[in-house]
Amino acid sequence: MAIKDLLSLLVLAGIWGGSFIFMRVAAPEFGIYVLVAIRTLLATAVLLPLLMLRGSIKDIRQHWLAIALVGLANTAVPFVLFNYSSLHLEAGVNAILNATAPMFGAIVAWAWLGDKLTKSAIAGLFIGFIGVAVISQQKLGEGEISFLPILTALLATLGYGIAASMMKKWLQGVKPLVVATGSQAMASVMLAPFALATLPAAMPSTHAWANAVALAIAGTGIAYILYFKLIANIGPAKAITVAYLVPLFGIVWGVLFLQEHLSAQTIIGGLMILFGVALTTGVLTRRRPKAQTATQ
């Protein structure tokens, strides 16, 4: 991997890790739906000009139904669910739970598309979900948090897994920028009634606005551009390794900017999730011993 691609990977992980900070700060003042609507609208404003320059608007019209469904599963619903969980869980915990997305992606692809699950992948799923249970037990043991915020975060990552199979089944060959822009625009339309019905009673603070704008422009618009560029430069298999770095940045940003403290049990659970994801996605595979050829 070239140095510039490695730096892009680190920047992307840092931005996506920071997204959980932005949600944690902005969601209480904006409300769940309004914050998501701002995020999708501004992200569309960032991505749409690039799509227009490439003359690919017609591709959205051609695949509008599939893109709308992806927008529902990959943007509208997960963003709403993560906004809710951010009201109750630390940014670092949400970043760790977000790492379960590749595991759900493997399960959905197996159930829907008939993709095979190796023994290592099955073991990875088992280990990963034990990690979720470890974190859940820790948070429930604190007495102030129910299982619901954890469940909503996991349902959000399930949505990401469903969307991945949707794209594989219905949108193969469609440019990623088309899917990204179209899904953000479609999600904005879907969320508009909910956002209008739940407008905040008071104007959010400048601090909340700064985090909302950063979430939309950096955490969604710019992050998507970086991600698609990485896919083009180094391929999807290497680009997806960003999922292993996001929890690290989420934890670091939470400690630095929100003075969060994650227990050793939560960190252990997070490491189990990452190890499980590595097995499930094939990043860690058992190396078979090479057969020795007989020599005379």
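You'll find the structure just up there.
Predicted model only: the values in this text are computed from it and were never measured. (Residues numbered from 1 in each chain as written. Predicted model: local features only at pLDDT ≥ 70, side-chain atom pairs only at ≥ 80, totals over all residues. Heavy atoms only, no water.)

**Q** I'd love a proper account of a nonpolar patch on the surface, names of residues and values included.
**A** Taken together, the side chains of W64, L65, L69, L72, V77, W112 and W170 make up a nonpolar region of the molecular surface, amounting to roughly 640 Å² of accessible area. The element contributing the most residues to the nonpolar patch is helix α4 (residues 64-86), with 5 residues. Mapped onto the secondary structure, L72 falls in helix α4. Relative accessible area serves as the criterion here: at 38%, L72 is assigned to the partly exposed category. (Patch = residues over 30% accessible without salt bridge, like charges linked within 9 Å, V, L, I, M, F, W, Y side chains within 5 Å. Areas by Shrake-Rupley, 256 points an atom, 1.4 Å probe, with all protein chains shown as cover. Salt bridge = Lys/Arg side-chain N within 4 Å of Asp/Glu carboxyl O. Helix = DSSP H or I, 4+ residues; strand = E, 2+ residues; numbered from the N terminus. Buried < 20%, exposed > 50% of the residue type's maximum accessible area, 1.4 Å probe, protein only.)

**Q** An account of the nonpolar core is requested, with residue identities and associated values reported.
**A** Counting 78 residues, the largest nonpolar core has L12, W16, F30 and V242 as its most contacted members. Considering every element that reaches this core, the biggest residue donor is helix α1 (residues 3-30), with 12 residues. (Core = buried A, V, L, I, M, F, W, Y, C linked by side-chain atoms within 4.5 Å.)

**Q** If you had to explain the packing of helix α6 (residues 101-113) against helix α8 (residues 148-170) to someone new, which residues and values would you point to?
**A** Close contact between α6 and α8 brings their axes to 8 Å; oriented N to C, the two are set at 50 degrees. With respect to α8, the element α6 is oriented oblique. For α6 against α8, the interelement crossing comes out right-handed. Contacts between α6 and α8 involve A101, F104, G105, V108, A109, W112 and L113 from the former and L154, T157, L158, Y160, G161, I162, S165, M166, K168, K169 and W170 from the latter. (Axes fitted to C-alpha atoms, helices over the stretch in contact; angles between N-to-C directions. Parallel < 35°, antiparallel > 145°, perpendicular 65-115°, else oblique. Left-handed = near helix turned anticlockwise from the far one by under 90°. Contact = heavy atoms within 4.5 Å.)

**Q** Please set out the pattern of salt bridges residue by residue, giving values where relevant.
**A** Counted according to the given criterion, the structure contains 4 salt bridges. One salt bridge in this structure joins K4 and D5, with 3.5 Å as the shortest N-O distance. Owing to a relative accessible area of 7%, D5 belongs among the buried residues under this scheme. Close ionic contact of R24 with E260 constitutes a salt bridge, the shortest N to O distance being 3.9 Å. Here R24 is found in helix α1, whereas its partner E260 is found in the loop between α12 (242-258) and α13 (264-280), with 236 residues between them in sequence. Accessibility expressed as a relative area gives 11% for E260, which makes it buried.

**Q** Residue-level account of unusual backbone geometry, with values.
**A** Positive phi is not limited to glycine here, since Q259 has a value of about 55 degrees. Relative to the helices and strands, Q259 resides in the loop between α12 and α13. You can call Q259 exposed: its relative accessible area is 62%.

**Q** So what about the side chain of S56? Which residues, and what values?
**A** Along the chain, the position of S56 falls in the loop between α2 (32-53) and α3 (57-62). In this structure S56 touches L51, K175 and V178, once residues within four positions along its chain are discounted.

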